[in-house]
Each structure stands twice: as structure tokens, then as C-alpha cells.
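Residue-level structural notes
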Amino acid sequence: ATVWPGWETVPDAAQGVQITIVYASHANNVPLALLSEAHRAMHAADSTSIVLGPPTGYVVKFSNGLTAYLSGDTGVHSEMQTVVRDYHKANLAVLNLGPSAGDVHAQAHAMNELVRPASVILTHPNEAVTEGGKLRAGSRAATLAKMLKGPAPHLAISGRTMEFDGKGRCVAGC
């Protein structure tokens, strides 16, 4: 498989699944409560913390043409359009819904206007999203699902495998 600069090819992948890092917009600090007393004291004096590294998301390209954007915990940023949509042409988004990443209006804007995938898998909600495998009314995921104009929303449910075609449309397990 041809590998472009910045891409890593998964070893032993029959067709060369490719993964690259993309920008995400969020803090990536260790909460002071998780540090030892000595480290907390050292950082408390200057109100600093330990940064684990830059926040990231990923784009994964599969041999069937599926290009998945794994958002990470991110706020809205311009690279969602210029890099994720225009350059990588992501047709599936796996969107983290954690409340620190932004509100549903921002997430809907990111999917509807910036990334524009065919499908969105809603994940990492930090709240109860389903009851009996069905979307729970009043959840952030339910609100976001109603706000998506083009992308088809799919719930990430434990134990359920979803399959997507090369255009980002769910073809099984949806």
C-alpha cells in the first residue's frame, strides 16, 4: 500500500489500513487531585498542572474507501473543515459527546457544516443515552440526533458491531 507522509500503516493489515493524527481542541492536563501530595504542592504554588501532550483526534482510512474521523474530546475548530473534510474527505465521524467538548449546538454545527460525513456514531456521552437499546429521550445524544441535518446518527451500543460501506453508510448492525 502507498503510504503518504504522516500516515502509519497498521502492521499485518491485508490492504493497509492507514491512521493519521489530526488536531483536537481541548485541555490535556492531569487533574491536580490525581497527583501525589508532593507534586500537588509543587504545582499549587504557581497554579500549574502537568500536560500529557497535545490533544488529538485521528483519521482512519480503510481499504473499502471508508474514511473515519475519530474526534477525540474536542471543541469546534476550523481544521474540521479544512483538514478532516476537505483534505481527508472523512465520510464517517465518531463523535465524542462529553460535556467538556462542547454543547450540542456546537457539535451539530461541526457535523452539519464542517465535517459533513454520511454517518455519525455518537459515543462517550458521560450520561445514560439508551434504555433497552433505544435512544433515551432528553439525553444530549437524543437532542443532537434531532439536530443533525445530513449525517445519519448511530448509537454506540456495547456488544453491537456496526459495518459501514466505503461511502460511510451503515450497512449492518445499525
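What counts as what
Residues numbered from 1 in each chain as written. Predicted model: local features only at pLDDT ≥ 70, side-chain atom pairs only at ≥ 80, totals over all residues. Heavy atoms only, no water. Disulfide = S-S within 2.5 Å. Buried < 20%, exposed > 50% of the residue type's maximum accessible area, 1.4 Å probe, protein only. Helix = DSSP H or I, 4+ residues; strand = E, 2+ residues; numbered from the N terminus. Arc of directions from axis to C-beta. Contact = heavy atoms within 4.5 Å.

The next point concerns the state of the cysteines. Applying the stated criterion across every chain, the model contains 1 disulfide. Through a disulfide, C170 is tied to C174; the S-S separation comes to 1.5 Å. Since a negative S-S torsion denotes a left-handed disulfide, the C170-C174 link at about -95° is left-handed. In this structure C174 comes out as partly exposed when scored by relative accessible area, which is 48%.

The subject of this paragraph is helix 4 (residues 140–147). Three or four residues apart is the spacing at which side chains of an α-helix point the same way, because the helix has 3.6 residues per turn. For helix 4, every residue scored as buried is listed here: A141, A142, L144 and A145. Buried residues of helix 4, viewed axially, fall in a sector of 165°; they line one side. The inward-facing, buried residues of helix 4 abut strand 7 (92–96), helix 3 (104–115), strand 8 (119–123), strand 10 (134–135) and strand 11 (152–155).

All right, on to the environment of L135 then. With respect to the helices and strands, the residue L135 is situated in strand 10. What makes L135 partly exposed here is its relative accessible area of 38%. Separated by 19 residues in the primary sequence, L135 and H154 place their C-alpha atoms 9.7 Å from one another. What L135 contacts, discounting residues up to four positions off in sequence, is V129, A141, A142, A145 and L155.

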